[in-house]
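Chain residues, written in single-letter form:
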Amino acid sequence: MKSTLFVVSLALVAAFAAAQTCPCSFAPNAASPVVVLDTPGTPDTCRVETRISGGCFCVSGTGDAGVCNIDSSAVVYQFIGSGPQCQAVANPVAICPPASSVTRTCSIDANVAWQLNCLIERSAFPDGVAISGIRMAIKQTDNFTFTGTGNSGNAYTIEYRTENTILPATAFPTWPSTPLKSDSGSIPAGGTVVFTDASDIPVVTLDAQAAGLSYAQALYDANDDVVFQLRTAIDGASSGFLTTEFFPVFSSAVVTLTATYA
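Residues numbered from 1 in each chain as written. Predicted model: local features only at pLDDT ≥ 70, side-chain atom pairs only at ≥ 80, totals over all residues. Heavy atoms only, no water.

## Concerning the sheet that holds strand β4 (residues 75–79)
Across a sheet, strands are paired by hydrogen bonds formed along the backbone, either parallel or antiparallel in direction.
Here is step 1 of the chain: The sheet built from six strands is open, its strands ordered β4-β5-β2-β1-β3-β6 with antiparallel pairing. Looking at the sheet topology across the chains shown, the edges are occupied by β4 and β6 (93–95). The average undirected angle you get between the axes of adjacent strands in this sheet is 30°.
Here is step 2 of the chain: Sheet topology places β4 next to strand β5 (residues 85–90); five bridges connect them, and they run antiparallel. Along β5, the bridge assignment pairs Phe79 with Cys86. (Pairing = 2+ DSSP bridges. Helix = DSSP H or I, 4+ residues; strand = E, 2+ residues; numbered from the N terminus. Axes fitted to C-alpha atoms, helices over the stretch in contact; angles between N-to-C directions.)

## Section: the state of the cysteines
Here is step 1 of the chain: Following the criterion strictly, the structure yields five disulfides and no others.
Here is step 2 of the chain: Through a disulfide, Cys24 is tied to Cys68; the S-S separation comes to 2.0 Å. The sign of the S-S torsion, about 80°, decides the handedness of the disulfide formed by Cys24 and Cys68: right-handed. Of this pair, Cys24 sits in strand β1 (residues 21–39) while Cys68 sits in strand β3 (residues 66–71); the two residues are 44 residues apart in sequence, bridging distant segments of the chain. (Disulfide = S-S within 2.5 Å.)

## Examining unusual backbone geometry
Here is step 1 of the chain: Cis peptide bonds are those with omega within 30 degrees of zero, and the linkage from Val112 to Ala113 qualifies with 15°.
Here is step 2 of the chain: Relative to the elements of secondary structure, Ala113 occurs in the loop between β7 (100–111) and β8 (115–120).
Here is step 3 of the chain: At the junction of Phe247 and Pro248, the peptide bond is cis and its omega measures out at -5° in the coordinates.
Here is step 4 of the chain: Tracing the backbone through its elements, the reader meets Pro248 in strand β15 (residues 241–261).
Here is step 5 of the chain: In the Ramachandran plot, Asn223 falls in the positive-phi region, its phi being about 65° despite a non-glycine side chain.
Here is step 6 of the chain: Judged by relative accessible area, Asn223 falls into the exposed class, the value being 54%. (Buried < 20%, exposed > 50% of the residue type's maximum accessible area, 1.4 Å probe, protein only.)

## Details of the confidence of the model for the protein
Here is step 1 of the chain: Of the residues in the protein, 92% reach a pLDDT of 70 or more, and the chain-wide mean stands at 87.
Here is step 2 of the chain: When the criterion is pLDDT under 50, residues 1–8 qualifies, and its contacts beyond four places in sequence or with other chains add up to 14 contacts. (pLDDT = per-residue confidence, 0-100. Contact = heavy atoms within 4.5 Å.)

## Some points on the pairing of strand β13 (residues 204–207)
Here is step 1 of the chain: The alternating pattern of β13 places Val204 and Leu206 on a buried face and Thr205 and Asp207 on a face that is not buried.
Here is step 2 of the chain: Relative to β13, strand β9 (residues 131–150) runs antiparallel, the two being bridged by four bridges. Looking at the pairing, Ala137 lines up with Thr205 of β13.

## Some words on the pairing of strand β2 (residues 44–58)
Here is step 1 of the chain: Where β1 and β2 come together, 13 bridges link them in antiparallel fashion. Bridge assignment links Ala30 to a residue of β2, and that residue is Ser53.
Here is step 2 of the chain: Between β1 and β2, which pair antiparallel and follow one another directly, the connecting turn spans four residues.
Here is step 3 of the chain: Judged from the two bridges that link them, β2 and β5 form a sheet pairing that is antiparallel. By the bridge assignment, Thr45 is partnered in β5 with Gln85.

## Section: the packing of aromatic side chains
Here is step 1 of the chain: One pass over the structure, following the stated rule, counts 11 aromatic pairs.
Here is step 2 of the chain: Geometrically, the ring pair formed by Phe144 and Tyr160 is tilted, given 4.3 Å between the ring centres and 40° between the ring planes. Taken together, the positions of Phe144 in strand β9 and Tyr160 in strand β10 (residues 155–167) put the pair 16 residues apart, joining distant regions of the chain.
Here is step 3 of the chain: You can call Phe144 buried: its relative accessible area is 1%. (Phe/Tyr/Trp six-rings, centres within 6.5 Å; stacked < 30°, edge-to-face > 60°.)

## Thoughts on the nonpolar core
Here is step 1 of the chain: Core analysis: the biggest nonpolar cluster contains 32 residues, and Ile134 and Leu230 have the highest contact counts within it.
Here is step 2 of the chain: Elements with a minimum of two residues in this core: β7, β8, β9, β13, α2 (210–221), β14 (226–239) and β15.
Here is step 3 of the chain: Top contributing element to this core by residue count: β15, with five residues.
Here is step 4 of the chain: Residues within four places of Ile134 in sequence aside, it is in contact with Phe172, Leu206, Asp207, Ala208, Leu213, Ala216, Phe228, Leu257, Thr258 and Ala259.
Here is step 5 of the chain: Formed by 12 residues, the second largest nonpolar core is a distinct cluster that contains Phe144, Phe146, Tyr156 and Phe195. (Core = buried A, V, L, I, M, F, W, Y, C linked by side-chain atoms within 4.5 Å.)

Next up, the structure:
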């Protein structure tokens, strides 16, 4: 068993071996089965593991990652027959050229629910590049007030958090909702409870998944800006009140968006 990347690239890399360079393209990280050494011996034995891999590979013609150097010392393991016996074979690999990056910042401070479009304009990228990574760092602050009027001398409960979303939905790992805030106690009929909270939330850093990189590359290839949308919504609940109001509810965010390309 061997990876698709190995099957596609080995013959091409061999053709460029003497020159030690090749035109190359970039493949985003993805999970794939890989043959790995299990027990050294004569012969060795191997097993299959699922690993995250990606990077540059040689292509014929012009590649979207430019020109790559070739590392001729790399090897991979292949099963002998159906395995588990295996052997190491030479597998020269393409080394991605040094990556460059562009960073943009967007921000908002508004009543929940809000939408914020964060973008890197197409003109910020050179022509003919492959987007190899996108990182989003989000600094968020919550500030809300809840007011409730007691129903009939019951115990009361209050819970609140800001629900966060990034679109497209599969572009990044889940942006966590803000920490749950709660209060409880007893309240006389007609009495009032006012519950306020201001939370300064640690920075959340998210790296784009394969779907997010493909989405960004498609926008770039179409000469469009690379845009991601952040959304918030109220996620609150209460009991024991005749009337309730979550207001005002503010959530601010400062977002740093960095795209790496080669």
